[in-house]
Amino acid sequence: MNEAGRRLTELVDEVFRLADAFARAGDELVAAEGLTSARWLTLGAVAHGPLSVAAIARRRGLRRQSAAEGVAALERAGLVERIPDPADARAPLVRLTGAGRAALERIRPLRAEWAERTAAVAAPSELAAAATLARRLRARLSEPPERSSGD
């Protein structure tokens, strides 16, 4: 494996550990609202307008079944509701309730304070470069796999 491949492997390992740390931090941040970070992300997915469960799954990078389970839990908690989709009568849309919007509003300042405190370990330019690299890698991984000449 060349140097770039070794460095990418090291980065992948670190990103998985970072994702786990972010999930734990998110769980702690929203625990007072009776949420997990996964359910918080689902609330955030519908914060700007209703979406189908399939659209929530795509936005969050989940299987549809996982997204549906999260939506069902949020619905039981009264934080989201299902409404008819005028474009598809078979698949309702999920939207925030007033309680869901209020929960997100209570979380917003906690998230801002956490982000500022956590971001203090890096310069803004480092964080911007890391986000840019993450987007480029995600775009590459979304491309169809290259075929070797032997295929």
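**Some remarks on the sheet that holds strand S1 (residues 51–52)**
One open sheet accounts for 3 strands, arranged S1-S3-S2; its pairing is antiparallel. The two strands at the open ends of the sheet, each matched to only one other strand, are S1 and strand S2 (80–83). By the bridge criterion, 4 bridges tie S2 to strand S3 (residues 93–96) in an arrangement that is antiparallel. In the sheet register, valine 80 faces S3, and the bridge partner there is leucine 96. The sheet strands contacting helix H4 (residues 64–76) are S2 and S3, and the helix crosses S2 at an angle near 110°.

**A look at the nonpolar core**
By size, the foremost hydrophobic cluster in this structure holds 23 residues, and its most contacted members are Leu35, Leu43, Val46, Ile56, Val80, Val94 and Leu96. At the level of elements, helix H1 (3–30), helix H2 (37–45), helix H3 (53–60), H4, S3 and helix H5 (98–119) are the ones that each hand at least two residues to this core. The element that contributes the greatest number of residues to this core is H3, accounting for 4 residues. Those residues in contact with leucine 43, other than ones at most four positions away along the chain, are Leu35, Leu74, Leu79, Val80, Leu96 and Leu104.

**A closer look at the environment of valine 121**
Its location among the elements puts valine 121 in the loop between H5 and helix H6 (124–142). Judged by its relative accessible area of 76%, valine 121 is exposed. Along the backbone, valine 121 and arginine 90 are 31 residues apart, and their C-alpha atoms lie at a distance of 48 Å.

**A look at the pattern of salt bridges**
Counting across every chain of the model gives 12 salt bridges. Between aspartate 20 and arginine 24 there is a salt bridge, with its nearest N and O atoms 2.3 Å apart. One end of the pair is aspartate 20 and the other is arginine 24, both in helix H1 and 4 residues apart, which spans about a single turn. Under the relative-accessibility criterion, aspartate 20 is labelled partly exposed at 43%. Note on arginine 24: relative accessible area 46%, which makes it partly exposed. A salt bridge links glutamate 105 to arginine 108; its shortest N-O distance comes to 2.5 Å.

**What about the confidence of the model for the chain?**
Residues with a pLDDT of 70 or more make up 97% of the chain, whose mean pLDDT is 93. When pLDDT is averaged over each helix and strand of the chain, the minimum, 92, is found for H3 and the maximum, 97, for H5.

The rules behind these values
- Residues numbered from 1 in each chain as written.
- Predicted model: local features only at pLDDT ≥ 70, side-chain atom pairs only at ≥ 80, totals over all residues.
- Heavy atoms only, no water.
- Pairing = 2+ DSSP bridges.
- Helix = DSSP H or I, 4+ residues; strand = E, 2+ residues; numbered from the N terminus.
- Contact = heavy atoms within 4.5 Å.
- Axes fitted to C-alpha atoms, helices over the stretch in contact; angles between N-to-C directions.
- Core = buried A, V, L, I, M, F, W, Y, C linked by side-chain atoms within 4.5 Å.
- Buried < 20%, exposed > 50% of the residue type's maximum accessible area, 1.4 Å probe, protein only.
- Salt bridge = Lys/Arg side-chain N within 4 Å of Asp/Glu carboxyl O.
- pLDDT = per-residue confidence, 0-100.

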